[in-house]
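The residues making up each chain are set out below.
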Amino acid sequence: MAHTKRTLCVRNQKRRSLQVPALQLHVSKTAMRASQKDFESALSQVKLLKDPGNEVKLKLYALYKQATEGPCNTPKPGVFDLINKAKWDAWNALGSLPKETARQNYVDLVSGLSSSSDSSSQVKPEADRKQPGYETLVVTYEDSITKIMMNRPAKKNAVTTQMYNEIMLALKAASKDDSAITVLTGNGDYYSSGNDLTNFTDIPPEGIEEKAKSGAILLRDFVDCFIDFPKPLIAAVNGPAVGISVTILGLFDTVYASSRATFHTPFSHLGQSPEGCSSYTFPKIMGPAKAAEMLIFGKKITAAEACAQGLVTEVFPDSTFQKEVWTRLKAYSKLPPNAMRISKQVIRNREKEKLHAINAEEIRVLQERWLSDECTNAVMNFLTRKAKL
Ligand SMILES: CCCCCC/C=C/C(=O)SCCNC(=O)CCNC(=O)[C@H](O)C(C)(C)COP(=O)(O)OP(=O)(O)OC[C@H]1O[C@@H](n2cnc3c(N)ncnc32)[C@H](O)[C@@H]1OP(=O)(O)O
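Scope of this entry: the structure provided in the associated data block.

Thresholds applied
- Residues numbered from 1 in each chain as written.
- Predicted model: local features only at pLDDT ≥ 70, side-chain atom pairs only at ≥ 80, totals over all residues.
- Heavy atoms only, no water.
- Helix = DSSP H or I, 4+ residues; strand = E, 2+ residues; numbered from the N terminus.
- Buried < 20%, exposed > 50% of the residue type's maximum accessible area, 1.4 Å probe, protein only.
- Contact = heavy atoms within 4.5 Å.
- Core = buried A, V, L, I, M, F, W, Y, C linked by side-chain atoms within 4.5 Å.
- Polar contact = N/O pair within 3.5 Å; in protein donor to acceptor, adjacent residues only side chain to side chain.
- Near = heavy atom within 4 Å.
- Areas by Shrake-Rupley, 256 points an atom, 1.4 Å probe, with all protein chains shown as cover.
- Nonpolar A, V, L, I, M, F, W, Y, C, P; charged D, E, K, R; others polar.
- Pairing = 2+ DSSP bridges.
- Axes fitted to C-alpha atoms, helices over the stretch in contact; angles between N-to-C directions.
- Phe/Tyr/Trp six-rings, centres within 6.5 Å; stacked < 30°, edge-to-face > 60°.
- Lys NZ or Arg CZ within 6 Å of the ring centre and 35° of its normal.
- Parallel < 35°, antiparallel > 145°, perpendicular 65-115°, else oblique.
- Left-handed = near helix turned anticlockwise from the far one by under 90°.
- Salt bridge = Lys/Arg side-chain N within 4 Å of Asp/Glu carboxyl O.

### Digging into the overall build of the protein
- Check the secondary structure of the protein and you find 14 helices and nine strands.
- For the protein, buried positions account for 48% of its 389 residues.
- For the protein, restricting intrachain contacts to residue pairs at least 6 apart in sequence, the fraction spanning at least 24 positions comes to 76%.

Here you go:
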């Protein structure tokens, strides 16, 4: 099947809207209503479809068997009989799904595939690939990759309250969509200049303590989303990174950086203290001495240094960064998604509880820092343009 990227994307969006993950075929409202005639018509229609890929073919096979023969009761094929074992697994995964429901799900699946293959010949405008509803991000889905791009280039992708919330929404959606991997990157010359310092200006009538409290909840939830993210998470650091955009890198599975990127956590300069679990992940990744230079003294390091210290996986020349990173990621996104998820769980799960506790403790300390004169003065100095990093 020859598809353009765009048609694949349309197809994938349709497939996602079908909501038929392999093991959780749901009973739709119209279940039990597909007649034998609808089923037979779907059986004929399926022969006219372009090859929908092995994953969908397995779902079709399993539903067909369940609809016609009921629950799987044949002996499991041997481990080396790969094809028949995959078919058996798919059928067996349907458990005791009633025949009528399987029939309906088969009809729904074929009908979704037919309409997506109809629309795959239409040329959709570029903007259609963008997921709607985000103002500070551009979120796209293509080649089994969900890409979350921070999109305030004129403000160096500084993270506003709205952007924190949108990143959390995008991560939650990506954890449930059928993408294999998720990538966070920035638009423009910066990856991100960290927390938008104007976040500290809009003080509610209840006072500064209330502001610190709501900021603390927002930041805790934000970092928790990264700790809990279930799929491989990659940062494509396209340029300089500051503050929170650096500290959370310790929670990513892979960090690719442009040779132009720098990594800067000027917490002491700002009267603040480390967050994003960096008080734990940085010493673990780079050793306590190097971590202290960054987190206590605010030493800005280059991409090459960050790579040598283990914070960055690989550095690419800026001129070829996008091309090389996306070629690599497209190849990775074709690996079996469940295996990648499970490997991530095996690597990360035993630390999760600890990371949540560290996050909570860092935020408790930071919340007090936000109320300090040191912090207030540093933020005022930036906002009145007396100081830059
Ligand atoms: C809910 C609260 C959660 C808190 C979480 C704790 C997080 C902590 C951190 O992330 S600490 C790090 C905070 N970041 C900074 O201190 C960076 C401040 N910015 C700068 O020092 C500089 O802007 C720069 C070095 C990043 C870039 O300098 P330059 O190349 O000269 O560009 P400009 O300064 O002209 O920037 C262009 C434009 O963007 C605005 N801007 C950039 N970064 C921020 C920022 N972090 N917050 C707010 N605004 C920012 C800058 O003001 C300019 O705006 P203008 O064109 O003047 O309107």
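From this point, the narrative continues.
### Considerations on the nonpolar core
- Core analysis: the largest hydrophobic core is formed by 61 residues, its most contacted members being Phe-222, Phe-226, Val-237, Phe-252 and Phe-263.
- One finds Val-56, Cys-72, Val-107 and Val-110 within the second-largest nonpolar core, a separate group that totals 21 residues.

### Some thoughts on the environment of Glu-166
- Position of Glu-166 among the secondary structure elements: in helix α6 (residues 161-176).
- By relative accessible area, Glu-166 is classed as buried at 6%.
- A sequence separation of 126 residues divides Glu-166 from Glu-40, and the C-alpha atoms of the two residues are 45 Å apart.
- With near-sequence residues (within four places) excluded, Glu-166 lies in contact with Gly-133, Tyr-134, Glu-135, Thr-136 and Leu-137.
- Of the polar contacts made by the side chain of Glu-166, one reaches the backbone nitrogen of Glu-135; its length is 3.0 Å.

### Re the site of the ligand
- Close to the ligand lie 25 residues; Lys-155, Ser-193, Asn-195, Leu-197 and Arg-385 are nearest.
- In the model, a nitrogen atom of the ligand is placed 2.8 Å from a nitrogen or oxygen of the Ser-193 side chain.
- In the complex, the protein chains occlude 81% of the 1,100 Å² of accessible area that the ligand would expose alone.
- Counting residues per element, the shell around the ligand draws most heavily on helix α7 (residues 208-228), at three residues.
- Counted by class, the shell around the ligand contains 13 nonpolar, six polar and six charged residues.

### Some points on the sheet that holds strand β9 (residues 314-316)
- Taking strand neighbours across the sheet as the criterion, the six strands line up as β1-β2-β3-β4-β6-β9 in an open arrangement whose pairing is mixed. Each of the sheet's edge strands pairs with one partner strand only, and the pair in question is β1 (137-142) and β9. For this sheet, the mean angle separating the axes of adjacent strands, direction not counted, is 20 degrees.
- The sheet contact formed by strand β2 (residues 145-150) and strand β3 (residues 181-186) spans six bridges and is parallel. When the bridges of β3 are listed, Thr-146 appears paired with Thr-182.
- On top of the sheet, helix α12 (residues 321-332) reaches β2, β3, β4 (233-237), β6 (254-258) and β9; it is set at about 160 degrees to β6, its chief contact.

### Quick word on the packing of aromatic side chains
- Under the defined criterion, the tally for this structure stands at eight aromatic pairs.
- A ring pair is formed by Phe-222 and Phe-226, whose centres lie 5.1 Å apart and whose planes are at 65 degrees; its orientation type is edge-to-face. Separated by four residues within a single helix, Phe-222 and Phe-226 lie in helix α7, roughly one turn from each other.
- A cation over a ring is seen here: Lys-87 above Tyr-61, with NZ or CZ 4.9 Å from the ring centre.

### Regarding unusual backbone geometry
- Positioned with a positive phi, Ser-144 is a non-glycine residue whose angle comes to about 60 degrees.
- As for its position among the elements, Ser-144 is in the loop between β1 and β2.
- The class of Ser-144 is partly exposed, set by a relative accessible area of 23%.

### Observations concerning the packing of helix α2 (residues 36-48) against helix α3 (residues 54-69)
- In contact at an axis separation of 13 Å, α2 and α3 are set at 150 degrees when each is read in the N-to-C sense. The angle between α2 and α3 falls in the class roughly antiparallel. You can see that α2 and α3 cross each other, and the crossing is left-handed. Each of Phe-39, Leu-43 and Val-46 in α2 lies in contact with α3, whose residues at this interface are Leu-60, Tyr-64, Ala-67 and Thr-68.

### Details of the pattern of salt bridges
- Here the structure, examined in full by the defined rule, presents 18 salt bridges.
- Ionic pairing is found between Lys-352 and Asp-228, a salt bridge with its closest N-O pair at 3.9 Å. Taken together, the residues Lys-352 in helix α13 (residues 337-370) and Asp-228 in helix α7 connect sequence positions 124 residues apart.
- A salt bridge links Arg-328 to Glu-314; its shortest N-O distance comes to 3.1 Å. With Arg-328 in helix α12 and Glu-314 in strand β9, this residue pair connects regions lying 14 residues apart in the sequence.
- For Glu-314, a relative accessible area of 28% corresponds to the partly exposed category.
- Within this structure, Asp-253, Lys-344 and Arg-348 form a network of salt bridges that share partners.

### A closer look at the packing of α3 against helix α4 (residues 82-92)
- Running from N to C, α3 and α4 point in directions that differ by 60 degrees, and their axes come no closer than 8 Å. Between α3 and α4, the interaxial angle falls into the category oblique. Note on packing geometry: the crossing formed by α3 with α4 is right-handed. On α4, the residues touching Leu-58, Tyr-61, Ala-62, Lys-65, Gln-66 and Glu-69 of α3 are Ala-86, Lys-87, Ala-90 and Trp-91.
- Among the residues forming the contact of α3 with α4, the class breakdown is six nonpolar, one polar and three charged.

### Things to note about the sheet that holds strand β5 (residues 241-242)
- Read from one edge to the other, the open sheet built from three strands follows the order β5-β7-β8, with strand pairing classed as mixed. In this open sheet, the two strands that pair with only one neighbour each are β5 and β8 (301-302).
- Bridge count between β5 and strand β7 (residues 262-264): two bridges; the pairing is parallel. For Val-242, the partnering residue across the bridge sits in β7 and is His-264.

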